[in-house]
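Results of the structural survey
Below, each chain spelled out in residue letters.
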Amino acid sequence: HTAAANGTGTGYFSGNVALTTDLVSGTYYLRDPSRGNTYTTNMSNGTTGNGTVFTDADNVWANGLLSNTATIGVDAQYGTAVTWDYYKNVHGRNGIANNGVGAYNRVHYSSGYNNAYWSDTCFCMTYGDGDGTTFNPFDSLDVAGHEMTHGVTSRTANLTYSGQSGGLNEATSDIFGTMVEYYAANANDAPDYKIGEKLYKSGTGALRYMYSPNLDGSSADCYYSTIANLDVHYSSGVANHFFFLLAEGTAGAGMPTSKTCITGNKLKATGTASLTGIGRSPAAKIWYRALTVYMTSSTTFKGARTATLKAATDLYGTGSTQYNAVAAAWSAVLVN
Ligand code: ASN
Ligand code: ZN
Ligand code: CA
């Protein structure tokens, strides 16, 4: 016999959060019957197998300290729950594969592992603990949303993970990872347009900066003809920058300043044109519809322009403010 139970936990990043857990014969399992039975296991620093599902006696999970092995389990399970709710409540998507089945999480994978990744094979997430010197564990909420979005992409447009389509695949994960962070509005992990800002022990830095991608020293702010040669985590900058400009504009309230591109400045956006954002919710609806209806495995940046314009037409009409903003934001990153 199994029954959904209302628990609470304290994560390392997320702080005190509500968790829906599974009560079986007097023991609580870190498994959520209300979200496709998504669950979280402890790999105990191993690298093979599925680990052991976390259990608890009183349904009050962990304490926010890394010395408690369940603390990171709370963050991972919370990340899965918020990502599930975001896709369900905002986009009407019933789980990553849209079939009501929750993915599972494996935490404490290997030792000092500085990454997290989605696997289509196991339909599961894997999180490293980080090296503990430069990096924290890799299950902050934006990273969780980023990684699970790889699963959504593979079951929709299936953007090939190299070249321009690979940059769009990565950007899709950064976009929805960020939208998940905004959806949660967790005071312990304030939403922003940085990716992985919570991963750094020092408290400064980020893996990527959507509003000004080249702040990382490697990502492209703007489109250029040989962009497909960049690593997909850097070519993504073009579409991340597009999305920021579409949602927030060049000087949105409370937002970092973002600049538009001028020809010949592929890595540095130095233009001065000003754009007005349409807001996160319309921008995310446009990207989701483009991803799930119009993009294919070989979509390029130019193709993404076409796909998002079609999506904006469907949602808001040709010539609408939103349609015109999509065109202007792509042009601002030199995708014409
Ligand atoms: N964390 C990396 C990413 O999602 C791992 C990978 O799958 N390339 O981009
Ligand atoms: Zn990724
Ligand atoms: Ca972030």
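Because the structure is predicted, anything quoted here is derived from the model rather than measured.

Notes on the sheet that holds strand 2 (residues 15-24)
- Spatial ordering of the open sheet is given by 7-3-2-1-8, a layout of 5 strands whose pairing is mixed. Each edge of the open sheet carries a strand with a single partner, namely strand 7 (55-56) and strand 8 (60-61).
- Note: strand 3 (residues 27-29) against strand 7, 2 bridges, orientation antiparallel. Of the residues in strand 7, the one forming a bridge with Tyr29 is Thr55.
- Strands in contact with helix 1 (residues 70-91) are strand 1 (2-11), strand 2 and strand 8; relative to strand 1, the strand with the most contacts, it is inclined by about 115 degrees.

Quick word on the pairing of strand 11 (residues 124-128)
- Here strand 11 lies mainly inside the structure; 5 of its 5 residues are buried.
- Residues of strand 11 alternate between two faces, with Cys124, Thr126 and Gly128 on one and Met125 and Tyr127 on the opposite face, all of them buried.
- By the bridge criterion, 4 bridges tie strand 9 (residues 104-109) to strand 11 in an arrangement that is parallel. Following the sheet pairing, Tyr104 is matched in strand 11 by Cys124.
- Pairing geometry for strand 10 (residues 116-119) and strand 11, over 4 bridges, is antiparallel. Pairing of Trp118 across the sheet is with Met125, part of strand 11.

Notes on the environment of Thr2
- Take Thr2: it is sitting in strand 1.
- Residues Thr2 and Ser25, spaced 23 residues apart in sequence, show a C-alpha to C-alpha distance of 7.7 Å.

Here's the deal with the nonpolar core
- With 93 residues, the main nonpolar core has Val238, Phe242, Phe243, Leu246, Trp287, Ala329 and Val333 as its most contacted residues.
- Here the element with the most residues in this core is helix 1; it accounts for 10 residues.
- Of the domains in this structure, domain 1 (2-139) and domain 2 (163-332) are the two that each give at least three residues to this core.
- Apart from the residues lying within four places of it in its own chain, the contact partners of Leu246 are Gly277, Ile278, Ala283, Ala325, Val326 and Ala329.

Here we look at the site of ligand 1
- Around ligand 1, a shell composed of Asn115, Ala116, Tyr117, Glu147, His150 and His233 is seen.
- Here the residues of the shell around ligand 1 sort into 2 nonpolar, 3 polar and 1 charged.

As for the domain arrangement of the protein chain
- As assigned here, the protein chain comprises domain 1 (2-139) and domain 2 (163-332).
- Relative to domain 2, the C-alpha centre of domain 1 lies at a distance of 28 Å.
- With 14 residues of domain 1 at the interface, the matching set in domain 2 holds 13 residues.
- For the side of domain 1 that touches domain 2, the element with the most residues is helix 1, which contributes 5 residues.
- Each residue belonging to the side of domain 1 that touches domain 2 can be placed in one class, and the counts come to 6 nonpolar, 8 polar and no charged.

Overview of the packing of helix 3 (residues 163-184) against helix 5 (residues 280-294)
- The contact between helix 3 and helix 5 brings their axes to 11 Å, and the two run at 140 degrees. As summarised for this structure, helix 3 and helix 5 are arranged oblique, according to the angle between their axes. The element helix 3 and its partner helix 5 pack so that their crossing is left-handed. When helix 3 is examined against helix 5, the residues Thr172, Ile175, Met179 and Tyr182 are found in contact with a partner set consisting of Arg280, Ala284, Trp287 and Leu291.
- In terms of residue class, the contact of helix 3 with helix 5 is built from 6 nonpolar, 1 polar and 1 charged.

Some words on the confidence of the model for the protein chain
- Averaged over every residue, the pLDDT of the protein chain is 97; residues scoring 70 or more account for 100%.
- The secondary-structure element of the protein chain with the lowest mean pLDDT is strand 1, recorded at 95, while helix 5 shows the highest, at 99.
- Predicted complex, confidence summary: ipTM 0.95, pTM 0.98.

Criteria and cut-off values
- Residues numbered from 1 in each chain as written.
- Chains lettered and ligands numbered in written order.
- Predicted model: local features only at pLDDT ≥ 70, side-chain atom pairs only at ≥ 80, totals over all residues.
- Pairing = 2+ DSSP bridges.
- Helix = DSSP H or I, 4+ residues; strand = E, 2+ residues; numbered from the N terminus.
- Contact = placed C-beta atoms within 7 Å.
- Axes fitted to C-alpha atoms, helices over the stretch in contact; angles between N-to-C directions.
- Buried ≥ 20, exposed ≤ 12 C-beta atoms within 10 Å, placed from the backbone.
- Core = buried A, V, L, I, M, F, W, Y, C linked by C-beta atoms within 7 Å.
- Domains from an automatic or database assignment.
- Near = placed C-beta within 6 Å.
- Nonpolar A, V, L, I, M, F, W, Y, C, P; charged D, E, K, R; others polar.
- Parallel < 35°, antiparallel > 145°, perpendicular 65-115°, else oblique.
- Left-handed = near helix turned anticlockwise from the far one by under 90°.
- pLDDT = per-residue confidence, 0-100.

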